[in-house]
Each structure stands twice: as C-alpha cells, then as structure tokens.
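Coordinate inspection notes
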Amino acid sequence: MKQFVAILLLFTLFFALGCEEVGSIKIIRLAHGLDINHSVHRAMVKMGEDLDIVSNGRLRIEIYPNQQLGTEREILELIQLGSLDMTKVSVATLENFAPKTRILGLPYLFESREHAFKVLDGLIGQSLLDNAEQFRLKGLGYYDAGFRSFYTKHAPVTAPDDLKGLKIRVMESITAMDMVKSLGGSPTPISWGELYTSLQQGVVDGAENNPPSFYLSKHYEVCPYYSLDEHTFSPDVLIVGTRFWDVLSEQERGWIDEAVKKSLGHQRKLWAESEAEALKKVREAGVKISYPDKQPFIEMTKEMYRAYENDEELNNMIQQIKTLAN
C-alpha cells in the first residue's frame, strides 16, 4: 500500500510539472533505469551539453538515472501522461506500448551489429518509430544495446538443453518470454532493480543481457557463467512524449534533433569500448565465458517466426530485414 501511495504521489508531482519553463528556459525531464557509468547515460549527458550549446541555453535536460522515477514501464506511462518528457527504453519494454516493435526482439533476426543498424537507421527502423506516435510516444533514434546472452549461477548454457528447468529472468516482454520457453527454460519477469537480490536468493537461476549491463549491475558476483549465444540484438530507443513534442516550435525540434544525432553517434562509439571492457573485467573476476554453437538455438526458436506468417505487414518486414543481411 505504501508503494502504491508513493507511486501515486510521484505521478501527481510530475503531472503538475511536466516540461518546466523557467523564464525563457525550458527544462526537459529525462528519466531512465541505467547506471550513470553506462554508455547510454554518458551519451545523454553529452546530448544535454550539446542541446544547451545549440539552443544558447534555452533548452536544458535534467537526467534522473537508476530508476529514480520508476521502472521503464512506469516511466513510459508518465511520458504518455505528459508528466515526463524523455527516456531511453529497451525495445522489449516498448513492445508493450507499440506492439509492432516486438519484431525487433525476435531471436537471431540480425546477423551482425552492422546488419542491425542498416535496418534500424533505415526505412524499417524509422517506420517502427513513426508507428509508436499513435501511442503518444515519439521515437527519436536507436542506441546500441548489443547482443543479449545468458548468464547463470550453477552451470554454463552450452546448448538449449541446459536451459531446461531453469528459471530465467526476462524483461516484461511477451517476445522475450516466448524465446526462453522455446528453448526449454522458465521465463520469469523481474524488474531490473530487483534482479541482483533475486539471483542471490535463488528466485531465478539466471538471466540474459548484454556484457556492459552484466558487468555494471555486478550480476557477475552471483552468476559466474556467461554464455555468449547472442540470441537477440535488442536496441535501446530514445523516446519523447508526443504531448511534449507537439508544443515545441520547429526551431526547438531542430535543436533537439541535432543534439540527438550527436548523442546516438557518440553512444555507439562508447558502446564498443564498454563492451570490450566489460568482458575483460568479468573475466578477471573469474567469470567463465563460453561461446556455444548458435545453430541449435536458432533451430529451436524458428517456431516463433511462424506466428508472424499470417500478419502480412510484419512478415514482409521480417523478410526485408533478412534480405538486408546480404
């Protein structure tokens, strides 16, 4: 009950404030769930600095990291209400609000990082961002969140059979849950902020995420096995609310677009560095990193694609994505 009251008060506070205008300065409130050392947070700090410069101080960003204002789902709800202005959200969470984005969470959809960004920075990626606007969420672009892989407490995942009977934490995503089920595991949605304790206490046997998140969350202290099966490339999406966007002038939108473009490029460079560092650090901490054969995982998740065969639009989009790998 206390938690409910706290959330209600939080909603009331930010609904009253929204994008605050102090004199001639507009304060853009940005919330996310990541650590301040994460490449996305650092890129957002740069975005704020660039926006301050290009707007001559007329647009400024205040950042609330580390789930200070709630989970990704709660933050998106605040943005839809107009109580917050901007966030970074995993595409796996976004699919609960803009359903077409769920195709980006399909396992083994992308063959490489280059393939992924050819799609995301092209017409398909833009069409998925545009589609989210009907749900009061405007996508501005994609940050690199790398490939997600399994990490576990008691034994490495060398083949799909190793997942049988294991409780694996997933995000609140039907696609992510279906993927773990198709591989024989038991998907268990748990909020990111509660996962370390859940792993410690044996609520779940493992989880799946990218190397920087595995390292910065210190989950390697509990899970000494990291199996780089790279099942999904699940990008982070930079989102603003349409309520916020619609009241901006064309000039203000241009300033934000310019700062966002620089932020996306900066983050992708930081990501490559942070991914290499994360793998090095967890190795040094004693984590056993393995590289399982991906083909058995690919075969067992093919059934997920059959669910899209009767959806002409999304099936065509999936085929176009596969074509772009060549």
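Residues numbered from 1 in each chain as written. Predicted model: local features only at pLDDT ≥ 70, side-chain atom pairs only at ≥ 80, totals over all residues. Heavy atoms only, no water.

Looking at an unreviewed UniProt entry, one finds the protein named TRAP transporter substrate-binding protein and attributed to Flagellimonas yonaguniensis.

Moving on, we come to the environment of Leu-216. By the secondary structure assignment, Leu-216 is in helix H9 (residues 211-216). Note: C-alpha distance between Leu-216 and Asp-35 (181 residues apart in sequence) is 7.1 Å. Excluding residues that lie within four positions of it along the chain, Leu-216 makes contacts with Asn-37 and His-38. (Helix = DSSP H or I, 4+ residues; strand = E, 2+ residues; numbered from the N terminus. Contact = heavy atoms within 4.5 Å.)

Contact geometry for helix H2 (residues 39-54) and helix H11 (residues 250-284): axes closest at 8 Å, N-to-C directions at 150 degrees. Our classification of the angle between H2 and H11 gives roughly antiparallel. Helix-helix and strand crossings are classified by hand; for H2 and H11 the assignment is right-handed. Contacts between H2 and H11 pair Ser-39, Val-40, Arg-42, Ala-43, Met-44, Lys-46, Met-47, Asp-50, Leu-51 and Val-54 from the former with Trp-255, Ile-256, Glu-258, Ala-259, Val-260, Lys-262, Ser-263, His-266, Gln-267, Leu-270, Trp-271 and Ser-274 from the latter. In the contact of H2 with H11, the residues fall into twelve nonpolar, five polar and five charged. (Axes fitted to C-alpha atoms, helices over the stretch in contact; angles between N-to-C directions. Parallel < 35°, antiparallel > 145°, perpendicular 65-115°, else oblique. Left-handed = near helix turned anticlockwise from the far one by under 90°. Nonpolar A, V, L, I, M, F, W, Y, C, P; charged D, E, K, R; others polar.)

This part takes up empty space enclosed by the protein. Counted under the stated rule, the structure contains one cavity of 30 Å³ or more. Taken as a whole, the largest cavity encloses approximately 100 Å³ of empty space. In terms of lining, the largest cavity is formed by Ala-92, Glu-95, Gly-105, Arg-148, Met-171, Ser-173, Thr-175, Ala-176, Met-179, Glu-208, Thr-232 and Ser-234. Tallying contributions element by element places helix H7 (residues 174-182) first for the lining of the largest cavity, with three residues. Grouping the constituent residues of the lining of the largest cavity by class yields four nonpolar, five polar and three charged. (1 Å grid on protein atoms, 1.4 Å probe; cavity = no way out; pocket = protein on both sides within 12 Å on 5 of 7 lines; lining within 4 Å. Points joined across faces, edges and corners; volume = space filled by probe spheres on them.)

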